[in-house]
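# Structural overview
For reference, the chains in residue letters:
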Amino acid sequence: MEQDKSALAAALALQCDWGADEALMESPADRLAVRDAPARAPEAARPEPEPAPRPIRAAPVALAAAPPALARAQALAESAPDLAALKAAIAAFDGSPLKETATNLVFGEGVADSGLMLIGEAPGADEDRAGRPFVGASGQLLDRMFASVGLSRESNFYITNILPWRPPGNRTPTDAEVALFLPFLRRQVALVRPKRLVLVGGVAAKGLIGGKEGITRLRGRWHEVEIPGLGRIPALPTLHPVYLLRSPASKRDAWADLLLLRRALDQAPG
Ligand code: URA
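Description of the structure in this document. Please read these numbers as outputs of a predicted model, since none were measured by experiment.

Looking only at helices and strands, one finds 12 helices and 6 strands in the protein chain. Looking at the protein chain as a whole, 40% of its 270 residues qualify as buried. Summarising the internal contacts of the protein chain: among those between residues at least 6 apart in sequence, 74% fall at separations of at least 24. With the model as given, the accessible surface of the protein chain reaches about 14900 Å², and the carbon-plus-sulfur share is 55%.

What follows is the structure, encoded as structure tokens:
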């Protein structure tokens, strides 16, 4: 009986991890009726439109509202004079449904005036619970990797993510979500004023460098990223620890990236 209960609890937890608790609307939508309806009813026969059900949970389609939300994000980000104000501005920003499904805002942490800033993708379940970046299994691997070249968030770098809210079910952030939160991230970089960035994973690399190249082509060399108010900053893309947990053979490439970083820090004046 006990065993049955724990099997059921495990199955339920798995469903939640996959996002099965993410209802999209307050009332169910009859998608078959929508599909079967004529594309456009004649003007006279068209009934008064029902008020649209209010989306209460995360859904990429809700990003149709992105342009005004993006302008609000830009204005809020630009008016934040320091990191505390920026964190409050992100918490107050209601332009993304990700906020509705996440538990905690995950901002940045570490040594803001260290000259080095790491940028990851988005919080996972552990980070969402703790309200801190990179604290789950992949974060622990990241800490060990950076410790192997003498770097830690306690002493040597500041760490944050492109998205401050966990995407439901840990799905990959959409391009629209990344674009919406980029003004906040860029402002965060401008306030931290790092001399170097490490872009952890393809989402962070593509979000800040742009272009079509994937992380395996971008990694292994320094790029430059333009940050408004700060100028061009050297940025090193590297493989995400989540990927390394699945593909341990790629740790060799990640190690090469870490050595590139170490060399740049050692050669930096003062
Ligand atoms: N993956 C990320 O990109 N960021 C986190 O904070 C945790 C996992």
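Don't stop here, the text continues.
In this section: the layout of surface pockets. One water molecule sets the probe size; rolling that probe over the atoms shows where empty space is left. Empty space within the largest pocket amounts to approximately 580 Å³. Together, 26 residues line the largest pocket, and E121, A122, S138, H240 and V242 are the ones closest to its centre. Contributing elements (two or more residues each) for the lining of the largest pocket: α6 (125–130), α7 (137–147), α9 (202–209), α10 (215–218) and α11 (241–246). A class-by-class count of the residues in the lining of the largest pocket yields 11 nonpolar, 10 polar and 5 charged.

Under the definition given, this model contains 2 cavities of 30 Å³ or more. Within this model, the largest cavity holds a volume of roughly 50 Å³. Every residue lining the largest cavity is listed: I90, V106, F107, T160, N161, I162, L163, P164, F181, F184, L185 and Q188. Sort the elements by how many residues they give to the lining of the largest cavity and helix α8 (residues 175–192) lands first, with 4 residues.

What follows deals with the side chain of T238. Tracing the sequence through the fold places T238 in strand β6 (residues 231–238). For T238, a relative accessible area of 6% puts it in the buried group. A distance of 2.7 Å separates the side chain of T238 from the side chain of D257, its partner in a polar contact. T238 has contacts with V198, L199, V200, G201, I215, R219, A254 and D257, leaving out every residue within four places of it along the chain.

Another aspect to go through is helix α12 (residues 251–267). Between its terminal C-alpha atoms α12 stretches 24 Å, which fits the 24 Å expected from 17 residues at 1.5 Å a residue. Looking at α12, one finds that the buried residues are A254, D257, L258, L261 and A264. Down the axis of α12, the smallest arc covering the buried residues is 120°, so these residues share one side. Away from the buried face of α12 by more than 90 degrees, exposed residues R252, D266 and Q267 are located. Looking at the packing, one finds that the buried side of α12 touches β2 (116–120), α7, β4 (196–200), β6 and α11.

Moving on, we come to the nonpolar core. Counting residues in each nonpolar core, the largest one holds 58 residues, and the members touching the most others are L118, I119, F146, I162, F184, L197 and L208. Here the element with the most residues in this core is α8; it accounts for 9 residues. For F146, the residues in contact, after removing those within four places along its chain, are L118, L151, F157, V198, L258 and L261.

What follows covers the packing of α7 against α12. Running from N to C, α7 and α12 point in directions that differ by 50°, and their axes come no closer than 10 Å. In terms of their interaxial angle, α7 and α12 are classed as oblique. Once α7 is placed against α12, the crossing between them reads as right-handed. Judged by residue contacts, L141, M145 and F146 of α7 engage K251, A254, L258 and L261 from α12.

Before going further, it helps to spend a moment on the site of the ligand. In the region of the ligand, the neighbouring residues are G120, E121, A122, E127, P133, F134, S138, N161 and H240. Between an oxygen atom of the ligand and a main-chain N or O atom of E121, the distance comes to 2.8 Å. Backbone polar atom of A122 to a nitrogen atom of the ligand: 3.1 Å apart, as the coordinates give it. Contact with the protein chains removes 95% of the 230 Å² of surface that the ligand exposes when unbound. Assessed atom by atom at 2 Å from the grid points, the ligand resides in the largest pocket.

Cut-offs used in this document
- Residues numbered from 1 in each chain as written.
- Predicted model: local features only at pLDDT ≥ 70, side-chain atom pairs only at ≥ 80, totals over all residues.
- Heavy atoms only, no water.
- Helix = DSSP H or I, 4+ residues; strand = E, 2+ residues; numbered from the N terminus.
- Buried < 20%, exposed > 50% of the residue type's maximum accessible area, 1.4 Å probe, protein only.
- Contact = heavy atoms within 4.5 Å.
- Areas by Shrake-Rupley, 256 points an atom, 1.4 Å probe, with all protein chains shown as cover.
- 1 Å grid on protein atoms, 1.4 Å probe; cavity = no way out; pocket = protein on both sides within 12 Å on 5 of 7 lines; lining within 4 Å.
- Points joined across faces, edges and corners; volume = space filled by probe spheres on them.
- Nonpolar A, V, L, I, M, F, W, Y, C, P; charged D, E, K, R; others polar.
- Polar contact = N/O pair within 3.5 Å; in protein donor to acceptor, adjacent residues only side chain to side chain.
- Expected span 1.5 Å × (residues − 1).
- Arc of directions from axis to C-beta.
- Core = buried A, V, L, I, M, F, W, Y, C linked by side-chain atoms within 4.5 Å.
- Axes fitted to C-alpha atoms, helices over the stretch in contact; angles between N-to-C directions.
- Parallel < 35°, antiparallel > 145°, perpendicular 65-115°, else oblique.
- Left-handed = near helix turned anticlockwise from the far one by under 90°.
- Near = heavy atom within 4 Å.
- Sits in = over half its atoms within 2 Å of the grid points.

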